[in-house]
Amino acid sequence: TTNNNPKTGTESACVSPSACIFCSSSGAGGWSPMVTDQEPWLQVDLREQMEVTAVATQGRYDSWDWVSSYLLLYSDTGRAWKQYRHEDGVGRFVGNGNSETIVQNKLSHPVRTRFLRFVPLDWNPSGWMGLRVEVYGCSYKSYVADFDGRSSLLYRFNQKSMSTVKDVISLRFKSHQAEGVLLHGEGQRGDYITLELHRGRLDLYLNLGEARFSSHRVPVTVGSLLDDQHWHSVHIERFNKQVNLTVDSYTQRFQTKGEGHSLEVDYELSFGGIPLPGKPGTFLRKNFNGCMENLYYNGINVIDLAKRRKPQIHSVGNVTFSCSQPQLVACTFVSSSSSFLSLPSASPGAGGFSIRFQFRTWNPEGLLLSVQLNPDPQKLRLQISNSWLRLTLHSSGRQKSEVSAGRRVSDGLWHSVSLDARNLQITLTVDNEPSSTIELWEQVQSRGSFYFGGCPATAPDCQGFAPAFQGCMQLIFINSQLMNLSHVQQGLLGNYNELQFDTCNIKDRCLPNLCEHGARCSQMWSSFSCDCSGTGYAGATCHNSIYESSCEAYKLSGSSSGFYFIDPDGSGPLGPTQVYCNMTEKKVWTVLSHNSTAPVTVQTSSLQKPHVMIFNYSASAEQLRAIVSGSEQCQQEVVYNCRKSRLFNTKDGSPLSWWLDREGEKRSYWGGFLPGVQQCSCSLEENCIDMNYFCNCDADTDTWANDTGVLSYKDHLPVSQIVIGDTDRMGSQAVYHIGPLRCYGDRSIWNAASFYQESSYLYFPTLQAELASDISFYFKTSAPSGVFLENQGLKDFIRVELSSPSVVTFSFDVGNGPAVLSVKSHVPLNDRQWHYVRAERNAKEASVQVDQLPLRFLEAPADGHLRLRLSSQLFVGGTASQQRGFLGCIRSLTVNGVSFDLEERAKMTPGVSAGCPGYCTGSSSLCHNRGRCVEKSNGYICDCSQSAYGGTTCNQEVSVSFDRESSVTYTFQEPFSVMQNRSSQASTSSTDSRAREDVALSFVTSQRPAMLLTVSTFSQQYIAVILATNGSVQIWYHLQTDKKPDVFTPTPSNLADGRLHRIRIHRVGKNLYVQINQDIHRKYTLSSDAELILIRSLTLGMEHFDEEVIQGASKGFIGCLSSVQFNHVAPLKVALTNRGSSLVTIRGPLVQSNCGALPKITQNHHRWQHYGVMDGNIAAPTKSPSSRSVVTAVVFITVCALAVVIRLVYQQRRAQRSSGSIKEEHRHSMYTDYRTELHLHNPVRDSVKEYYI
């Protein structure tokens, strides 16, 4: 034969089953179906159960017939089949490209079966299907027991109880029932172990020594759809409290509850059910109904002992030793648009009809059954609607009757449906629940065929009820007669389209859960979605953090001091934590507090009984480590006030007090010195009280002394514990205070490397990016093309490159063929300026973004390969072939939240240097508030076009004062969606919303209520920010026009107090984050994650708006607005710098102001009057009644005079200004050319890293 040497995938001796077809190369042979066969397949009978490890195929000998791809199905009996899927869920096998080459496919997990079925998918387009196959595998010994739902096996111990430290339990089972106990044991101490099939999943309850009567037992759950009548393997390993539970190829690792380390079980273990004590044959829970195979408990073959009737085994009920479970034959409705099954009425009884069937699906919508009725023109529809069953009787005209039944029938489980039309009523029953009934005026009869799952295009009055049913059906009875689906497949009964017979091809797309960071997975038949609510992450699989990685990043994006959530490892596993960002100094400090903020007084402590304080920080140990390592510098102040309390023993120098670092290591230096030097700061500064000692406290005087130091060795911070041991003498006392951890700088932002040889590159370890990866970096270059990074595998690869001067390309292959995503810029990218690139790939989609250009998306195939298998090193700045290398600078390279140290690797690589030359390179922020640094030949300029601020460095507030009738309306150039449309392959799933807005504004007013900002769309959606009657801020979101708006009040405080207030609003999907002034971000949940569709305009001040909003803020706005930004639109700046633009409409008087530039004065002293003019008089302190009256008179006269002057100035200005124009002061000195602002309609990124420059 062509291949006489079968290979093995197991340790046992393997055979090549003689039933396989593999013909000699010297003769003709092979399988080829008839051209008229509708859905051909080749079935192989191995004659006995075998463990199959691989299959191989050839085309038909000496022909143009071969199969290029196929599905592999397997079955125990040849009736019910299951599709084989690889590890990542792919079911397609690669076949042949000619008729003679042998193509072998090894199975990632062997299957034990007797029958195999090869189903061709693609074949030679110039020929026909042709196959020769060989199956590789091994025989194995099988011990089988059959349980009928009322039986069990009891394994009884030799002694009263069995206590084990280690357990190994393994078995295989198959069942068509979703419920049943497989294993149970318990002891008087409270220990128990229960393995139970529940809702098609496997639950393991395991307890060691916890309270016996625990009110809440929580199982560990593994697996899904285990009631599919096919074999599933279970393996439990326990050592002490550590447990591994494996079902098929999925493993769950966990620790047991309770205090014990051994499992103590009394008398016996039961298999197949839980018998009541003293009542054999009765059970507390539902028994297992199905077959078990090769059941081993700690090396004991339980089924073999039972079969040989050994005394250790006691049988309850009827346990047989051959698997005789009935095989229920199902069919699968593949398409949601064109699948249907048409069956004729079977011997209708007198007066009515009845239908019964079972179904399972994930889809919340779908048509299950349709039938025409007599008398005409009545019709009956049974459909799934919002996961309920709805039965509708359509009569003449528009009359219809409806009833609903069932709950959550789209849960993937089998549900039984019974429909009876008799005795002037139609009765619907689901899963033996109470029936629902439609009353009739006259008896009805079925007319024509029954259509299951959908309708053919030719069926009368059946179209327009999409979507069709996607799922499985079995046991279809019409008028009490079982329909033979094999006859349907053979064309002997009814008709069908887009059906798979003999198999229920349902798949759990949430197993394993590909949603990250604890997000909840939900699914339909052909896709899954992730609910990211409450996780702090966003994206199709909740991969991307919605928070910045550091305080430095918040500062560079225009934020001010306050409490923020930061995610130090981005999309990594750590999660966000709250910190305080102090941005008042030149350096941006990240402050993390702990549980002991007040000074602590210590007395009566000694080395034998020391005082110990443990510090718990607002972040976990892993988060602290990430924050410290990612910062340029960290420090923590230690204050130690003492009286007769030493830090060191003056005789031998041993420490009497010490602290523990973040790893729990003992440290006895107290600031100012490197680790290991047992001294205090006064010794370094040479100002100790007694220079004979290295610490002030070691002088051991009766007066108070102080040793204060700053710990600044990063690897030891923060302080996790302090131990004080010398306050037990007469008069001894100590008072200490450990300050918060303070860090500044972000090492990753400006970590850069310069590539000046095309053949040079940096290499790093292989990317760990099997299921999801995100890559982000900045680059600048003058070269027309070059590869930024590349990582390859045997066939898979991932690459990001500059493919032409204006195009960035992201390409990869995970086994489905190369996927390419490109972003084309309207300006060259090789302009020696910094440009931002972010590429992401996950199980649902891939995306790439360049600067502020629209995101490009590519949907992943529903049943394609998921895992990116890489093996080579990661090359940065070049490729393994040393061709198409990158020339220029790359900085801030981050992959999956891990920052790459380009500078350190560049120091030892020829052709690459650390850092990057240029003015716009370095950690100093040359441009502020989202301003962009632009390199020039003799310096730099700040491009403030994407900032709400102005000035040469984008740090000057843009402020305007408003009157009651004043308003600024920014009209978008065209119907505009905040989020860009996807590519042609994009999904429209609403559960994966990309809706997001960023809103920021400052205001000063004494008026309430007031209208601050509104955003409206052509589709009647809107956002509104108003001050309510009590002066509190209200945020209105009206995303669903058929429902009431969401209204949030972040703080009840009156903000109409004449002080400057700052509001920041950020939305991602349903999550809304609001910050008022320096308060922490508050999170709210919207009722919808819908996008703003076709944004029409943004208005500041008075707006004739939604009536409900107008009632809350009918008086417009009187005061000052400053630094207003909506995504990338700064309407106030556009109004000031593009006078006469058609995009901006100005109503009423408007005066440029400086309220935003004087926040402290405004907050402390000033109140706003009409037209936004500030009162410059500050009242003196009150001394006496007479002086108070004098001051009052003076103030009154001054105010009156000032009011007259203001009125005259205002009239003069109004006369000089045409309608809608604005008076400006020093406009040309304050602003550069901002006319590009008119074109900034791109959506905001998840994290606007471009503003780091």
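The structure reproduced in this document is the subject of the present report. Fair warning: this is a prediction, and the values are worked out from it, not measured in the lab. (Residues numbered from 1 in each chain as written. Predicted model: local features only at pLDDT ≥ 70, side-chain atom pairs only at ≥ 80, totals over all residues. Heavy atoms only, no water.)

## Points about the packing of aromatic side chains
- Scanning the model with the defined rule gives 35 aromatic pairs in all.
- Measuring from centroid to centroid gives 5.9 Å for F962 and F1117, while their planes differ by 70°, and the two rings are edge-to-face. One end of the pair, F962, is in strand β72 (residues 959-962); the other, F1117, is in the loop between α7 (1107-1112) and β83 (1119-1126), and 155 residues separate them in sequence. The same class applies to F962 and to F1117, which are both buried.
- Every member of this aromatic cluster is reached through a ring pair, and the members are F333, F357, F359, F452 and F469. (Phe/Tyr/Trp six-rings, centres within 6.5 Å; stacked < 30°, edge-to-face > 60°. Helix = DSSP H or I, 4+ residues; strand = E, 2+ residues; numbered from the N terminus. Buried < 20%, exposed > 50% of the residue type's maximum accessible area, 1.4 Å probe, protein only.)

## Topic: the sheet that holds β83
- An order of β81-β80-β79-β74-β83-β72-β85 is seen for the 7 strands of this open sheet, with the pairing classed as antiparallel. Each having just a single partner strand, β81 (1082-1085) and β85 (1150-1153) make up the two edges of the open sheet. Taken over all neighbouring pairs, the strand axes of this sheet differ in orientation by 25° on average, direction set aside.
- When strand β74 (residues 996-1004) meets strand β79 (residues 1061-1068), the two strands line up antiparallel, connected through 8 bridges. Directly across from L1001, in β79, lies its bridge partner I1063. (Pairing = 2+ DSSP bridges. Axes fitted to C-alpha atoms, helices over the stretch in contact; angles between N-to-C directions.)

## Some points on the pairing of strand β32 (residues 415-422)
- In terms of strand pairing, strand β27 (residues 353-360) meets β32 through 7 bridges, oriented antiparallel. Residue pairing for β32: F353 is matched across the bridge by A421.
- With 6 bridges connecting them, β32 and strand β33 (residues 425-430) associate as antiparallel partners. By the bridge assignment for β33, V417 is matched with V430.

## Notes on the state of the cysteines
- In the structure shown here, the tally under the stated rule is 14 disulfides.
- Between the sulfur atoms of C642 and its disulfide partner C697 the distance amounts to 1.9 Å. Judged by the torsion about the S-S bond (-100°), the C642/C697 disulfide is left-handed. Linking C642 in strand β49 (residues 633-643) with C697 in the loop between α5 (681-685) and β52 (705-711), this pair joins segments that are 55 residues apart in sequence. Residue C642 shares its accessibility class with C697, and that shared class is buried. (Disulfide = S-S within 2.5 Å.)

## Observations concerning the pattern of salt bridges
- Scanning the model with the defined rule gives 37 salt bridges in all.
- A salt bridge links R92 to D122; its shortest N-O distance comes to 2.7 Å. Within this pair, whereas R92 is found in strand β5 (residues 92-94), its partner D122 is found in strand β6 (residues 103-123), the two being separated by 30 residues in sequence.
- Under the relative-accessibility criterion, R92 is labelled partly exposed at 44%.
- For D122, a relative accessible area of 34% translates into the label partly exposed.
- A salt bridge links R838 to D774, with the nearest nitrogen and oxygen atoms 3.8 Å apart. On the criterion of sequence distance, the pair formed by R838 in strand β63 (residues 835-841) and D774 in strand β58 (residues 773-780) is long-range, its members being 64 residues apart.
- Each member of the salt-bridge network shares a partner with another, and the members are R646, D700, D726 and R729. (Salt bridge = Lys/Arg side-chain N within 4 Å of Asp/Glu carboxyl O.)

## Side note on the environment of R799
- Its location among the elements puts R799 in strand β60 (residues 797-804).
- On the accessibility criterion, R799 (14% relative accessible area) is buried.
- Separated by 40 residues in the primary sequence, R799 and A839 have C-alpha atoms spaced 9.7 Å apart.
- Excluding anything up to four places from it in sequence, R799 contacts V787, L789, E790, Q792, T809, F810, S811 and R884.
- Here E790 takes part through its side chain, which lies 2.7 Å from a polar atom of the side chain of R799. (Contact = heavy atoms within 4.5 Å. Polar contact = N/O pair within 3.5 Å; in protein donor to acceptor, adjacent residues only side chain to side chain.)

## Some words on the nonpolar core
- Membership of the largest hydrophobic core comes to 48 residues, with the highest contact counts inside it found for F615, Y640, L647, W670, I722, Y736 and L741.
- No other element matches β49, which puts 4 residues into this core.
- Beyond its immediate sequence surroundings of up to four residues, F615 is in contact with H594, N595, S596, V719, S720, Q721, I722, Y736 and I738.
- One finds F1048, I1063, L1086 and V1144 within the second-largest nonpolar core, a separate group that totals 47 residues. (Core = buried A, V, L, I, M, F, W, Y, C linked by side-chain atoms within 4.5 Å.)

## Points about the sheet that holds strand β48 (residues 611-614)
- Spatially, the 4 strands line up as an open sheet ordered β48-β53-β50-β51, and their pairing is antiparallel. Two strands in the sheet have a free side with no partner beyond their single neighbour: β48 and β51 (666-667).
- Judged from the 4 bridges that link them, strand β50 (residues 657-660) and strand β53 (residues 721-724) form a sheet pairing that is antiparallel. Along β53, the bridge assignment pairs W658 with V723.

## Quick look at the environment of Q636
- Checked against the element boundaries, Q636 lands in strand β49.
- Sequence separation of Q636 and P718 is 82 residues, and the distance between their C-alpha atoms is 7.1 Å.
- Apart from residues no more than four positions distant in its own chain, Q636 is found in contact with H594, Y617, G709, V710, L711, L717, P718, V719, I738, G739, P740 and L741.
- Looking at Q636, its side chain comes within polar contact range of the main-chain nitrogen of V719, at 2.9 Å.

## Description of unusual backbone geometry
- L511 connects to P512 through a cis peptide bond whose omega is -5°.
- Structurally, P512 is set in the loop between β39 (499-501) and β40 (520-523).
- Cis geometry is adopted by the peptide bond preceding P1009, which originates at R1008 and carries an omega value of -5°.
- Within the secondary structure, P1009 sits in the loop between β74 and β75 (1010-1017).
- One non-glycine residue, N298, lies in positive phi territory at about 50°.
- With respect to the helices and strands, the residue N298 is situated in the loop between β21 (289-297) and β22 (300-301).
- For R408, which is not glycine, the phi dihedral falls at a positive 50°.
- You can see R408 is positioned in the loop between β31 (400-405) and β32.
- Note on R408: relative accessible area 46%, which makes it partly exposed.

## Some words on helix α4 (residues 621-630)
- Among the residues of α4, those classed as buried are Q623, L624, I627 and V628. Axial view of α4: buried residues confined to an arc of 130°, hence all on one face.
- Against the buried residues of α4 lie β44 (562-566), β45 (577-582), β46 (589-592), β49 and β55 (741-744). (Arc of directions from axis to C-beta.)

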